[in-house]
Amino acid sequence: MDDSSRHNGARWIWLGLVVFFALLLGLHIVGVFTEPIHWDEFALMDRGSRSWQTGVLQRSSRPGLGTLLVLPFTSSCDDPVDAVRVARLVWTVFTVAIVATLFMLVAALGRREDKTENRIGAWTAVVFLVCVPVFLRWSIQVRTDQPMLLFGLLSCVA
């Protein structure tokens, strides 16, 4: 195989990955508005609202970072469903950052001399993660897990 055909093949693979992840991101954003809101999302928003009103962090046996992160969405909350949907859009940033950080971590842990092979392994890990149905559903919901996973992965990369 000559270099030009290898380069064209890599370009098509790259284009396919970009289209795949753009489609997934689009479907994720659609899911923000179509996936039912779960009681624990309302409970987290309620803890944020009560924390805002009382000035005391309502933790409910949790560390409290998730409650702090939802404070901006509950400070002037007139419609709880709308507040959850806006928070879900912001939580999409956490999900994208988790996937990107996982890529960086797996690529950095690769033991191959050829960095291309390390990136192929990282892309494989990321594709396997984002194709898991539980991850797809869970990643839409406002939970304390996403920020914690992101910060944990970032600490591993650092």
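What comes next concerns the included structure. (Residues numbered from 1 in each chain as written. Predicted model: local features only at pLDDT ≥ 70, side-chain atom pairs only at ≥ 80, totals over all residues. Heavy atoms only, no water.)

### Some words on the nonpolar core
M45, V70, F73, W91 and V142 are the most contacted members of the largest nonpolar core, which has 23 residues in total. Within the residue set of this core, elements represented by two or more residues are helix 2 (39-54), helix 3 (65-74), helix 4 (80-109), helix 5 (115-130), helix 6 (133-138) and helix 7 (145-157). Per element, the largest residue contribution to this core is 11 residues, and it comes from helix 4. The contact partners of V142, leaving out residues within four places of it in the chain, are E41, L44, V70, V84, A87, R88 and W91. (Core = buried A, V, L, I, M, F, W, Y, C linked by side-chain atoms within 4.5 Å. Buried < 20%, exposed > 50% of the residue type's maximum accessible area, 1.4 Å probe, protein only. Helix = DSSP H or I, 4+ residues; strand = E, 2+ residues; numbered from the N terminus. Contact = heavy atoms within 4.5 Å.)

### Examining helix 3
What helix 3 keeps buried is the set G66, T67, V70, L71, F73 and T74. Considered in projection along helix 3, the buried side chains sweep an arc of 165 degrees and stay on one side of the axis. (Arc of directions from axis to C-beta.)

### What to know about the pattern of salt bridges
In the structure shown here, the tally under the stated rule is 4 salt bridges. E35 serves as the salt-bridge partner of R137, at 3.0 Å between the closest nitrogen and oxygen. Residue R137 is found in helix 6, and its partner E35 is found in the loop between helix 1 (3-34) and helix 2; the two are separated by 102 residues along the sequence. For R137, a relative accessible area of 49% puts it in the partly exposed group. Residue E35 is classed as buried on the basis of its relative accessible area, which comes to 15%. Note that R50 and D46 form a salt bridge whose closest N and O atoms lie 2.9 Å from each other. Taken together, the residues span about one helical turn, with R50 and D46 both in helix 2 at a distance of 4 residues. (Salt bridge = Lys/Arg side-chain N within 4 Å of Asp/Glu carboxyl O.)

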